[in-house]
Amino acid sequence: MGWFGKKKEWDIQKSDANKSRLRELFNGVMEDGDSYKIVYGYGLNIKNSNYILARKTTYTYTSLIIGYRESDMSIALLQTTPELEGCSEAEIFRPDSIKKAKISTGMYTIYHQGGMMAGYTQFATSPENDEDFLAYVYQPDEYDSFDTFFKKFSGK
């Protein structure tokens, strides 16, 4: 719901065109791309800087194409741009190749195998993305489907 009970009007044609582009980019990198469901997501890096009189917070967003499939419980992450101009190679995660996975404060986190400094990958999805800093995508069904999948993926 928008302000004063007014619901935002979505340009479904534009959203569907962006979804088609996501699929095209994903299939261009993944050999068996059609066997994956996809959802648009983003990574968020928050950096705080303290100055003498002020504190500065910088948010850096990374657009992602998230592919997932239940047949082998895998997640493929590809970085892209908000304009969907291209994408990176896929980083693939499976439950047997990670330490653990969890959902907290709206973010999905996958902890890498290894010692204490192995690191993690964190990202989010949203049912509605506007053009301010993310690609224009309206995806409530895809959002719900991925959330359900990730709960299985993380063993919850």
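Parameters at a glance
- Residues numbered from 1 in each chain as written.
- Predicted model: local features only at pLDDT ≥ 70, side-chain atom pairs only at ≥ 80, totals over all residues.
- Heavy atoms only, no water.
- Salt bridge = Lys/Arg side-chain N within 4 Å of Asp/Glu carboxyl O.
- Helix = DSSP H or I, 4+ residues; strand = E, 2+ residues; numbered from the N terminus.
- Buried < 20%, exposed > 50% of the residue type's maximum accessible area, 1.4 Å probe, protein only.

1. As for the pattern of salt bridges
So, point 1. For the coordinates displayed, the defined rule picks out seven salt bridges.
So, point 2. A salt bridge links Glu70 to Lys152; the nearest nitrogen and oxygen atoms lie 3.3 Å apart. With Glu70 in the loop between strand E2 (55–69) and strand E3 (74–80) and Lys152 in helix H2 (residues 140–153), the pair connects residues that are 82 residues apart, well separated along the chain.
So, point 3. Assessed through its relative accessible area of 42%, Glu70 is described here as partly exposed.
So, point 4. We note a salt bridge from Asp147 to Lys151, for which the minimum N-O separation is 3.1 Å. With Asp147 and Lys151 both in helix H2 and four residues apart, this pair spans about one turn of that helix.
So, point 5. One connected set of salt bridges, linked through shared partners, spans Asp32, Arg69, Asp72 and Arg94.

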